[in-house]
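Reading the structure
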Amino acid sequence: MRIVRMNTNTPANNGDTQDLSLLDPIIAKHKGKKGNLIPLLQGAQELYGFISKEAFAKLSRETGIPLSDMFGVATFYAQFRLNPVGKNIIKVCHGTACHVQNAVEITESIEEALNVKDGETTEDRFFTLESVACLGCCSLAPVMMIGEQTYGKLTGNEAVKIIKNIRLAEKN
Amino acid sequence: MPTTVTVGLGSCGIAAGANKTYDKIKALKETDKLDFLLKKTSCVGMCYREPLVEITDETGTYLYGEVDADRAVEVIEKHIHQQEPIRDYIVYTDLFDAPENNFIRAQVKIVLRNCGYMDPESIEEYETRDGYRAIKKIAAEKTSREMVIDTILKSGLRGRGGGGFPTGMKWKFANANKSADKYVICNADEGDPGAFMDRSVLEGDPHSVLEGMIIAAFAIEATGGVIYCRAEYPLAIKRLNIAIKQAHEKGYLGKNIFGIPGFDLNIYIKEGAGAFVCGEETALIASIEGERGMPRKRPPFPAVSGLWKKPTNINNVETYANIPWIIIHGADAYAQYGTEKSKGTKVFALAGKVRHSGLVEVPMGMTIRDVIFKLGGGIKNDKKFKAVQMGGPSGGCIPDFLSDTIVDYDSVNATGAIMGSGGMVVMDETTCMVDVAKFFLDFTCKESCGKCTFCRMGTKRMLEILDRITNGHGKEGDLEKLEELAYQIKDNSLCGLGQTAPNPVLTTIRYFRDEYEAHISHKKCPAKVCRPLLTYKVDEEKCTGCMVCLKNCPVKAITGERKQKHFINQEICTKCGVCFSKCKFESILLS
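Starting afresh in each chain, residues are numbered from 1 along the sequence in its written order. As a convention, the first chain written is A and the first ligand written is 1, with the rest following in written order. Owing to the predicted nature of the model, reporting of local features is limited to residues with pLDDT of at least 70; listing and counting of side-chain atom pairs is limited to 80 or more, with chain, interface and lining totals taken over all residues.

What to know about the overall build of chain A
Secondary structure elements are defined from DSSP: runs of H or I of at least 4 residues count as helices, runs of E of at least 2 residues count as strands, and each element is numbered from the N terminus. The helix and strand tally for chain A stands at seven helices and four strands. Order of helices (α) and strands (β) in chain A, N terminus to C terminus: α-α-α-α-β-α-α-β-β-β-α. Dimensions of chain A, computed from the C-alpha atoms along their principal axes, are close to 50 × 35 × 30 Å. Looking at chain A residue by residue over its 172 residues, the buried ones come to 40%. Considering only intrachain contacts with a sequence separation of at least 6, the fraction spanning at least 24 residues in chain A is 66%. A residue is called partly exposed when the number of other C-beta atoms within 10 Å of its own lies between 12 and 20, exposed at 12 or fewer, and buried at 20 or more, with C-beta atoms placed from the backbone. We call two residues in contact whenever the C-beta atoms placed from their backbones are within 7 Å.

Here's the deal with the overall build of chain B
Helix and strand content of chain B: 24 helices and 18 strands. Atoms counted for the radius of gyration: C-alpha only. Globule rule: 2.2 Å times the number of residues to the power 0.38. A globule of 591 residues ought to have a C-alpha radius of gyration of about 25 Å, and chain B, at 26 Å, matches this closely. Along the first, second and third principal axes, the C-alpha set of chain B runs to 85 × 70 × 40 Å. When the 591 residues of chain B are sorted by exposure, 54% land in the buried category. Long-range pairs, those at least 24 residues apart, make up 71% of the contacts in chain B between residues at least 6 apart in sequence.

Considering helix H15 (residues 368-375) of chain B
Residue and element names in this part refer to chain B. Among the residues making up H15, those that are buried are Ile 368, Val 371, Ile 372 and Leu 375. Seen along its axis, H15 keeps its buried residues to an arc of 115°; they face one direction. At the exit of H15 stands Gly 377, carrying a positive phi of roughly 75°. An arc is given here, and it is the one of the directions from the helix axis to the C-beta atoms.

Focus: the domain arrangement of chain A
You can read the domains of chain A as domain 1 (20-76) and domain 2 (88-171). Boundary definitions for the domains trace back to an automatic or database domain assignment. The C-alpha centroid of domain 2 of chain A is placed 30 Å from the C-alpha centroid of domain 1 of chain A.

Considerations on the interface of chain B and chain A
At the junction of the two partners, chain B supplies 40 residues and chain A supplies 34 residues. Contributions of two or more residues to the side of chain B that touches chain A are made by helix H1 (11-15), strand S10 (345-352), strand S14 (423-428) and helix H17 (433-447) of chain B. It is H17(B) that provides the largest number of residues to the side of chain B that touches chain A, a total of four residues. In this classification, the charged set is Asp, Glu, Lys and Arg, the nonpolar set is Ala, Val, Leu, Ile, Met, Phe, Trp, Tyr, Cys and Pro, and all remaining amino acids, among them Gly, are polar. For the side of chain B that touches chain A, the class distribution of residues is 19 nonpolar, 12 polar and nine charged.

So, the nonpolar core
Defined on buried residues, the nonpolar core groups Ala, Val, Leu, Ile, Met, Phe, Trp, Tyr and Cys residues joined through C-beta atoms within 7 Å. Counting 223 residues, the largest nonpolar core has A:Val143, B:Tyr64 and B:Ile215 as the members making the most contacts within it. It is helix H10 (residues 206-220) of chain B that provides the largest number of residues to this core, a total of 10 residues. Not counting residues up to four positions away in its chain, the partners in contact with B:Tyr64 are B:Leu52, B:Val53, B:Ile55, B:Val75, B:Tyr89, B:Ile90 and B:Val91. Grouped together as the second largest cluster of nonpolar side chains are 12 residues, B:Val538, B:Cys549, B:Ala557 and B:Cys579 included.

Topic: the sheet that holds S10(B)
Residue and element names in this part refer to chain B. For two strands to count as paired, DSSP must find a minimum of two bridges between them. In spatial order, the strands read S11-S10-S14-S12-S13; together these five strands make up an open sheet with mixed pairing. Because the sheet does not close on itself, it has two edges, and the strands there are strand S11 (358-363) and strand S13 (396-399). Recorded for the sheet is a direction-independent mean angle of 30° between the axes of neighbouring strands. As paired strands, strand S12 (residues 385-390) and S13 are joined by four bridges and run antiparallel to one another. Bridging from a neighbouring strand, Gln 389 pairs with Cys 397 of S13. Interaxial angles span 0 to 180 degrees and are taken between N-to-C directions of axes, which are lines fitted to C-alpha atoms, for helices over the stretch in contact.

Observations concerning the domain arrangement of chain B
Under the domain assignment, chain B is made up of domain 1 (4-101), domain 2 (123-334), domain 3 (345-428), domain 4 (433-520) and domain 5 (535-590). For domain 3 of chain B versus domain 5 of chain B, the separation of C-alpha centres amounts to 38 Å.

So, the sheet that holds strand S9 (residues 312-316) of chain B
One key point about sheets: their strands pair by backbone hydrogen bonds, in either a parallel or an antiparallel sense. Residues and elements named next belong to chain B. As summarised here, the arrangement of the four strands in space is S8-S7-S6-S9, forming an open sheet in which the pairing is parallel. The sheet is open, and its two borders are formed by strand S8 (266-271) and S9, each paired with just one other strand. The sheet shows a mean angle of 20° between the axes of neighbouring strands, direction not considered. Helix H11 (residues 234-249) rests against strand S7 (224-229) and S8 of the sheet, and its axis sits at about 165° to S8.

Notes on unusual backbone geometry
A cis amide bond links A:Ala141 to the next residue, A:Pro142, at an omega of -5°. When you line up the elements, A:Pro142 lands in the loop between strand S2 (127-132) and strand S3 (144-146). Cis peptide bonds are those with omega within 30 degrees of zero, and the linkage from B:Pro299 to B:Pro300 qualifies with 5°. Tracing the backbone through its elements, the reader meets B:Pro300 in the loop between helix H12 (281-288) and S9. Positive phi, close to 50°, is recorded for B:Lys142, a residue that is not glycine. Along the polypeptide, B:Lys142 turns up in the loop between helix H6 (133-140) and helix H7 (145-155). For B:Lys142, a count of 8 C-beta atoms within 10 Å puts it in the exposed group. Located in the positive-phi region is B:Lys528, a residue other than glycine, with phi close to 60°. Residue position: B:Lys528 is located in the loop between helix H22 (513-520) and strand S15 (536-538). Owing to 14 C-beta atoms within 10 Å, B:Lys528 belongs among the partly exposed residues under this scheme.

Description of the environment of B:Ser357
Along the chain, B:Ser357 turns up in the loop between S10 and S11. The sequence separation of B:Ser357 and B:Lys341 amounts to 16 residues, and the corresponding C-alpha distance is 28 Å. Apart from the residues lying within four places of it in its own chain, the contact partners of B:Ser357 are A:Cys138, A:Ser139, B:Cys47, B:Tyr48, B:Leu350 and B:Ala351.

Description of helix H4 (residues 67-76) of chain A
Residues and elements named next belong to chain A. Restricting attention to buried positions, one finds in H4 the residues Met 70, Val 73, Ala 74 and Phe 76. Seen along its axis, H4 keeps its buried residues to an arc of 165°; they face one direction. Buried residues along H4 sit in contact with helix H2 (37-48) and helix H3 (53-63).

Notes on the packing of H3(A) against H4(A)
When two helices pack together, their arrangement is given by the angle between the helix axes and the distance between those axes. All names here are of chain A. The contact between H3 and H4 brings their axes to 9 Å, and the two run at 130°. As judged from the angle between their axes, H3 and H4 are oblique. Relative to H4, the crossing made by H3 is right-handed. For the pair H3 and H4, the contacting residues are Phe 56, Leu 59 and Ser 60 in the first and Leu 67, Met 70 and Phe 71 in the second. For classification, angles of less than 35 degrees are called roughly parallel, those exceeding 145 degrees roughly antiparallel, those between 65 and 115 degrees roughly perpendicular, and all remaining angles oblique. In this scheme the handedness of a crossing depends on how the near helix is turned from the far one: anticlockwise by less than a right angle means left-handed, clockwise means right-handed.

What to know about the environment of B:Pro399
Residue and element names in this part refer to chain B. The topology assignment puts Pro 399 in strand S13. As for Pro 399 and Gln 389, which are separated by 10 residues in sequence, their C-alpha atoms are 8.7 Å apart. In this structure, Pro 399 is in contact with Ala 387 and Tyr 511, ignoring residues within four places of it in sequence.

As for the pairing of S8(B)
All names here are of chain B. As defined by bridge partners, S7 adjoins S8 across six bridges and the pair is classed as parallel. Across the sheet, residue Cys 229 finds its bridge partner in S8, namely Glu 271. The path from the first strand over the helix to the second decides the hand: if it runs clockwise while the strands point away from the viewer, the crossover is right-handed. Chirality of the crossover, the property in question, places the unit of S7, H11 and S8 among those that are right-handed.

Observations regarding the confidence of the model for chain A
The pLDDT score gives, residue by residue, the confidence of the prediction method on a 0 to 100 scale. Mean pLDDT over chain A works out to 86, with 91% of the residues at or above the 70 mark. Here residues 1-13 of chain A scores under 50 on pLDDT; set against residues more than four positions off or in separate chains, the count is 25 contacts.

Observations concerning the confidence of the model for chain B
Model confidence for chain B is summarised by a mean pLDDT of 93, while 100% of its residues fall at 70 or above. Scored by ipTM, the complex comes to 0.84, with pTM at 0.91.

Structure below.
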């Protein structure tokens, strides 16, 4: 399921300053190679968690790829984010197997607990809630993934408990 | 032979806690100075029994199921220390009747021949299991390219990604087009929700896919290879990278490989960026080239003008994994399985409301009923089987009364569904078919690339109608409008996504028309799924007056005193379902 896209009316950057020189090795690696646009964007996103306006501008300036092409590709693929994300991304699976086993309840419970909507980030930028199409763990449906960890056979209450525990663990 | 303990560490095993099991056993081995070989493997397909631990000693092989860290301690204590296998935990063995013996024995493992039986990160183990023997055989016997293609043609292998186009034919076309540069691509962009065969093969046996690609590259004289893999499969990508590195070290990739003069091949991985349409071959090529993954018009087919406008052969993961087996055992050995027009085996990902969810590989021609009831163990919680969804968003729902349909490309197509990549999501009486159709359409609507008007806007219009129906605002004539739109979209879209997007709606209207009509005319959802059509009531027999529902109701529609029966005011109730999910005594009734 495609992630809710950036609202193009809001500034893409959240005001944090980014060290754009970190992009230099990525540009050096991919510059001039054919088919380099997606790896460039993937590299930038890995660095900052999202692709800011400034990062777009620098990539375009130094590789000669038109900004419009970059933006076109970045908005086509679900992977690319144009807004900053929380520290922990909660990916709730909405594949077929999870859907018929009430994945909607998982998303709704988390929405309620974190007071965010699907695709949004909590105010403290600790969690981002997302829906994904299929994590391929259908036998454990319904599932969600936080970081590298997958949690299976969930109920709404259990999902909320897991999230609360992550927050607790982080605070201590 | 030393005793070996093998832990299954596929994605689903890890999600079920297999890493903890592995760590526990490793710690026990060290503290107790135990003499056994601890190994890792991937998914054997028995996902519903994960985490799985296999112990092989001189008496035989025992597969233990649901081994969490605590049970691991018990198993090691009894089986290793005291040499007494724990019968109750054993799910599969050759030595006596174990609960899952039939699950393994009813299968024919060709694609999954190594999955769960070897360490996927070891090229040596792959080689001891006939790995790279097929390409070595081709090199040693100086088999011609044409003969390789001929073998694949004769085997009857058809594209396992869902299209079902004969693989040998594809290779023949790519071979016929001469060019200094040619490419082989492996489509590992397994986007169908509910399908996970390719992930398991890549995680469990990455070398077989590489070997299949190498053989394809030999047959069509390709100079480069690309594996286009979903970024959502980090473990598959990691293991593929290891496999490619090992193949380079052994000289199986690079220049003049396998001693065949002039046979140079490099393979690299391209991570997908999350677009379902990129499973379509021309969109996939556009994506590798760094563009928006939009399909192109065919012809020219990729065999003529593919990646970078060079002749290109694209096959799916499962197709490639079949190739080495066919070369070693011959086309006839493969063609002995299956039906007249669909040869060999097919891997299915069983999921949904089925008892044994996991991976199964069966010969083509088995009935759907046998797959679900014999291998899948029937329906969870003894509910009634209603339908099985095959082929993901491009497929359809096959109802229970057609479950004697055999699995082969043509029989499944005749029902209006498609074989697809092999996802089988089982549905029971608590699944609403209108909701399922809406779910898939919502998916294709979001994933439509937007190039063709009918797909872009038609799916949106269909979704709006379905939304209305499930919200209780269905009108007479909605079904006819849905059908009309469906055929328009099918006829006027360029690629497979649009041509098949209406299938889930068409098949559900065809087989479950009464359910649609209940939604439209009677404003009722028989499966009790579509919330706006339900009424929530308190069961006065069961209500204990605990006040949990009352406190959680967001609109304060529930009244009642502590230890008194509660009451839901239907005029205020917004049917959000919170009371239903919060009640611990099942005293909220749906009707």
